[in-house]
Amino acid sequence: MASEGSTVIVPRSFRLLEELERGEKGIGDGTVSYGMDDADDVYMQSWTGTIIGPSNTVHEGRIYQLKLFCSLEYPEKPPSVKFQSRINMRCVNPETGVVEPSLFPMLADWQREYTMENILTQLKKEMSSPQNRKLTQPPELGNDEGRVDPKGLVLRCCIM
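An unreviewed UniProt entry annotates the chain as UBC core domain-containing protein originating from Deinandra increscens subsp. villosa. Per its UniProt entry, the chain bears the Subunit (unreviewed entry) comment "Heterodimer with UBC35 or UBC36."

Below, the structure written as structure tokens:
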């Protein structure tokens, strides 16, 4: 029995299963969603997220795809977050799509209680912030269009 003032630490796998269940239920207003990228990933490291751009901004009507990677240290350490869709935001590297932790306070000041849903919701709020809401956006050419992957290859999207 836990004594007063003690905290129960939920194991990583249970925490990620809770997040998966929440993501699959589509909690919230439906403008932010997430789920596992690969159902066979036993470590539950690779996730995808979607943000529908907020109204009354240059992002309105756009659908942004993201990749989230939860290392084995998650939730003690934040996941890495990368936009697959091209976007112009102050906290996102324009060449790689990586959300720069030093420019995104939620990642810079990570707390174990934060979730992937919190990250996606906060990124959506950032889209509405005065410094991001009117930034000129790259043309919508498809996800990954011209995005450079970590191996230095240029990724292209082709719809047939």
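Structure shown, so let's carry the discussion forward.
Student: Please explain the packing of aromatic side chains as it appears in this structure.
Tutor: Aromatic ring pairs are defined here through the distance separating the ring centres and the angle between the ring planes. By the definition in use, this model includes four aromatic pairs. Ring geometry for Y64 and F83: centres 6.1 Å apart, planes at 85°, overall edge-to-face. With Y64 in strand β3 (residues 63–69) and F83 in strand β4 (residues 80–83), this residue pair connects regions lying 19 residues apart in the sequence. A relative accessible area of 0% places F83 in the buried class. Between W110 and Y114 the ring centres are 5.5 Å apart and the planes differ by 80°, which places this aromatic pair in the edge-to-face class. A relative accessible area of 13% means that W110 is categorised as buried. Classification of Y114 by relative accessible area gives partly exposed; the value is 21%. Among the aromatic residues, those joined into a ring-pair cluster are Y74, W110 and Y114.

Cut-offs applied
- Residues numbered from 1 in each chain as written.
- Predicted model: local features only at pLDDT ≥ 70, side-chain atom pairs only at ≥ 80, totals over all residues.
- Heavy atoms only, no water.
- UniProt positions renumbered as here; feature names shortened; annotations may be inferred.
- Phe/Tyr/Trp six-rings, centres within 6.5 Å; stacked < 30°, edge-to-face > 60°.
- Helix = DSSP H or I, 4+ residues; strand = E, 2+ residues; numbered from the N terminus.
- Buried < 20%, exposed > 50% of the residue type's maximum accessible area, 1.4 Å probe, protein only.

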